[in-house]
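Understanding the architecture of this molecule
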Amino acid sequence: AQSVTQLDSHVSVSEGTPVLLRCNYSSSYSPSLFWYVQHPNKGLQLLLKYTSAATLVKGINGFEAEFKKSETSFHLTKPSAHMSDAAEYFCVLTGGGNKLTFGTGTQLKVEL
Amino acid sequence: DTAVSQTPKYLVTQMGNDKSIKCEQNLGHDTMYWYKQDSKKFLKIMFSYNNKELIINETVPNRFSPKSPDKAHLNLHINSLELGDSAVYFCASSQDWGNTEAFFGQGTRLTVV
């Protein structure tokens, strides 16, 4: 069985400050991990992916994530938040098949 | 040029009706999926097809029937719609069964009244 836990359902930051969205996973297989972003009333867009290559993964819009096997974590970070980053973020796991297992999502709010 | 397109974007219908949501991808991918996103934003896979063949069929009422006329299309038919079917349905595709990076459509917001 595999699962994804997003530790915060809501995160609020000020514009220009760092963003940290936390994700822990559980998988019996070597996992592939993704972060997707969903803006209001929009589809899901891939931010970045980890597929057993470099553990520090850089994505679009200045986001990056680090795969830490010892901590079973794949936290998403960005050095400086922008108003346009406000959205729902999903940590996603796949391993041993093509079924994507989604976390419950983290709503990021960016304030002036 | 939209990679994964779904129609319609919004669908409001009465209980008991039968409706279809269409999905097309122009990426040349072999694998397509349907996901359901509930009111709490939780996404769960419903079906997956690879080369027109059903691979994943999660615990979904048999009122839901996917149909894949060719690799580029995966349509979702829903019979006897119920209030609990109200959700956002996302179509997605990936290059092949071994490639798990999925590209998603914009979603279809289904409201059953």
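Refer to the structure presented above.
Let me sum up the structure you'll find in this document.

1. Some details on unusual backbone geometry
The step from Thr7(B) to Pro8(B) runs through a cis peptide bond, and the omega angle for that step is 0°. Positionally, Pro8(B) belongs in the loop between strand S1 (4-7) and strand S2 (10-13). A positive phi angle is found at Thr72(A), which is not glycine, with a value near 45°. Mapped onto the elements, Thr72(A) comes out in the loop between strand S8 (64-68) and strand S9 (73-78). Backbone geometry at Lys52(B) places phi at a positive 70°, although glycine is not the residue there.

2. A closer look at the state of the cysteines
In total, this model carries two disulfides over all chains according to the counting rule given. Disulfide pairing places Cys23(A) opposite Cys91(A) at an S-S distance of 2.0 Å. Residues Cys23(A) and Cys91(A) are joined by a disulfide whose S-S torsion is about -70°; by sign, that bridge is left-handed. Placement of the pair is Cys23(A) in strand S4 (residues 23-26) and Cys91(A) in strand S10 (residues 87-94), with a sequence separation of 68 residues. Considered together, Cys23(A) and Cys91(A) belong to a single accessibility category, that of buried residues. Each disulfide pairs two cysteine sulfurs, and for Cys23(B) the partner residue is Cys91(B), the sulfurs being separated by 1.8 Å. Measuring the twist about the S-S bond at about -75°, one finds the Cys23(B)-Cys91(B) disulfide to be left-handed. Remark: Cys91(B) occurs in strand S9 (residues 87-94) and Cys23(B) occurs in strand S3 (residues 19-25); sequence separation between them is 68 residues. Comparing Cys23(B) with Cys91(B) shows no difference in burial state: the two are buried.

3. Regarding the packing of aromatic side chains
Working definition: an aromatic ring pair is given by the centre-to-centre distance plus the angle between the planes. All names here are of chain A. As enumerated under the stated definition, the model contains 14 aromatic pairs over all chains in all. Seen in terms of ring centroids, Tyr50 and Phe67 are 4.1 Å apart; in terms of plane orientation they differ by 15°. Their pairing is stacked. Residue Tyr50 is found in strand S6 (residues 44-50), and its partner Phe67 is found in strand S8; the two are separated by 17 residues along the sequence. Each member of the pair Tyr50 and Phe67 is classed as buried.

Calculation criteria
Residues numbered from 1 in each chain as written. Chains lettered and ligands numbered in written order. Predicted model: local features only at pLDDT ≥ 70, side-chain atom pairs only at ≥ 80, totals over all residues. Heavy atoms only, no water. Helix = DSSP H or I, 4+ residues; strand = E, 2+ residues; numbered from the N terminus. Disulfide = S-S within 2.5 Å. Buried < 20%, exposed > 50% of the residue type's maximum accessible area, 1.4 Å probe, protein only. Phe/Tyr/Trp six-rings, centres within 6.5 Å; stacked < 30°, edge-to-face > 60°.

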